[in-house]
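Okay, here's what each chain looks like letter by letter:
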Amino acid sequence: MAVSAEHLLEELQIFGLDCEEALIEKLVELCILYGQNEEGMVGELIAFCTSTNKAGLTSETLNCFEHEFLSKRLSKARHSACRDSGHAGARDIVSIQELIEVEEEEETLLNSYTTPSKGSQKRAVITPESSLTKRSVSTRSPHQLLSPSSFSPRSRMSNPIKLIRFIKCEANLPFLQSPLPKVLTCKIEELGSELKEHYKIEAFTPVLVPAQVRVILITVILMSHLWQEPVTLLGQIGCDSNGKLNNKSVILEGDREHSSGAQIPVDLSELKEYSLFPGQVVIMEGINTTGRKLVATKLYEGVPLPFHQPTEEDGDFEQSMVLAACGPYTTSDSITYEPLLDLIAVINRDRPDVCILFGPFLDAKHEQVESCLLTSPFEDVFKQCLRTIVEGTRSSGSHLVFVPSLRDVHHEPVYPQPPFSYSDLPHEDKKRVQFVSEPCSLSINGTIFGLTSTDLLFHMGAEEISSSSRTSDRFSRILKHILTQRSYYPLYPPQEDMAIDYENFYAYAQLPVTPDVFIIPSELRYFVKMIPAFSHQSLPQDILGCVCVNPGRLTKGQVGGTYGRLYLRRQTADGEGRHSPCVAAQVVRI
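Residues numbered from 1 in each chain as written. Predicted model: local features only at pLDDT ≥ 70, side-chain atom pairs only at ≥ 80, totals over all residues. Heavy atoms only, no water.

Take the pattern of salt bridges next. Two side chains bearing opposite charge may form a pair once their charged atoms approach each other closely. Tallied over the full model, the rule gives 15 salt bridges. Measuring nitrogen to oxygen at the nearest pair gives 3.9 Å for the salt bridge that ties Lys556 to Glu523. Residue Lys556 is found in strand β22 (residues 555-556), and its partner Glu523 is found in the loop between β19 (517-519) and β20 (527-532); the two are separated by 33 residues along the sequence. Note on Lys556: relative accessible area 37%, which makes it partly exposed. Taking relative accessible area as the criterion, Glu523 reaches 39% and is therefore assigned partly exposed. Each member of the salt-bridge network shares a partner with another, and the members are Asp363, Arg407, Glu523, Arg553 and Lys556. (Salt bridge = Lys/Arg side-chain N within 4 Å of Asp/Glu carboxyl O. Helix = DSSP H or I, 4+ residues; strand = E, 2+ residues; numbered from the N terminus. Buried < 20%, exposed > 50% of the residue type's maximum accessible area, 1.4 Å probe, protein only.)

As structure tokens, this is what we get:
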């Protein structure tokens, strides 16, 4: 880059500054060194002098300008280029502090170009407490989270469908900040208390207290014997780095009551079988000699909630059919809802008692939505879709249950998600149409359904680690984790695209009971599984189980997909124990 000393002098004279020849040569050197032209260099120099109250242009001023502004800006550019290339690596505290100082200097510099307005105040630049990445160590929970305005429980509806737990958005207020630590603390303490009682554990040991090391002197043979006393720890599984969880990066974050939230690395080499994921509440038994690492020797699995016991209010019923389908309801190259029309034809033909329809109804990932090619507002397209379903299935008499999705482009993208609002619903359809939240637990003739449209199988499958000497099914392990952790979304930290409202998470995203049927749509391959609710070798797995169904999605790209069909019939209890009310389940191609 050719830099002219005369041009630099002319630019300085515009601001009424005269400069010695030695200083002009220094400025030429700085322009070449930092790749800046004459006009830009003089403009930044004047702004720097103004912001730092430098009276004249001296050699000391130029040195300060170079070290406090130019060199820091260059350092930040290098960091940014490294990060964009995908090889950022780990930063130490010094480099992070330098980046913060550079941002402060640049903001001060930019402010010097503007005329301050009356009563204006300089915004303090701070590091947000909530800026945790996906794999940040869960040492502390974020304090700034998106949360919807307010939620309140909705009243129970008449048979055959009864809402057990879901939420309703009362008003569209601005998002609030909600504290997180209390939620996670309650989760660890509540599950820890249940596990302690179930496994008859006397007491928990603080995470950072080393095991007692005792020396027994055997005077007869004049030698000493040393052994380590095992400890029992309660905590939540986490990762010690920004990468994916593996068997070398597992940490245990202790509860508040016994360990004050302290963390300790875990050595899994002595465990023959385990299945772990970030956010899982566990009890570990092992050796903690120094208080710096736990060598785990035993892992206590979670305990599921009991099943719902039918009452006289639920009444007896003959065999009933439940249909479950999950969006998208359009192919990826069209927005005409042709697959949805095929599903409506199936409903009118089979006449199921209840149809559970999961979003997305207008997919945020659809090509025409992402490209903004729709001529109508998102809300109008959704209402037309809803009107087509309600009016198209009216002759079948089927009850309709609508479950929203975080991919519904017109709806609030926060978890737990409030139900759809549809004020145009005809009066004749109000008794058979139900709008529920995501997630939701509801009762259909006394059979408890757990419903979620979030692809939890995919989220947890990407984070879970396991070791087993036997053939193990990943889907079954994940489903069992959901039941034993008693939560519709036990993963923490969540996926990057998940905006979780932890203020309402504990109240509305927990399982009230173990569901008889758990419907969990996913991009992964469809299935029907009977998950044993209790690990007991003497009991058949098809008796004490929860029926889990992934019906797939109604469309796969440009072709049709699948939906689920279940048959329910209450069976009287006999000497063998509980029988599932779901007598048959199948996945059908549209």
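A separate point is helix α3 (residues 38-51). With 14 residues, α3 should reach 20 Å at 1.5 Å per residue; the first-to-last C-alpha distance of 20 Å fits that figure. Where α3 terminates, the next one or two residues include Asn53, which has phi positive at roughly 60 degrees. (Expected span 1.5 Å × (residues − 1).)

For the rest of this paragraph, the subject is the side chain of Asp429. The topology assignment puts Asp429 in the loop between β14 (399-403) and β15 (433-435). You can call Asp429 buried: its relative accessible area is 1%. Polar contacts involving the side chain of Asp429 include one to the side chain of Arg394, which spans 2.7 Å. What Asp429 contacts, discounting residues up to four positions off in sequence, is Val390 and Arg394. (Polar contact = N/O pair within 3.5 Å; in protein donor to acceptor, adjacent residues only side chain to side chain. Contact = heavy atoms within 4.5 Å.)

So, about the environment of Phe69. In this fold, Phe69 is placed in helix α4 (residues 59-84). For the pair Phe69 and Phe48, spaced 21 residues apart in the sequence, the C-alpha separation amounts to 8.0 Å.

Shape is all these values report; function is a separate question.
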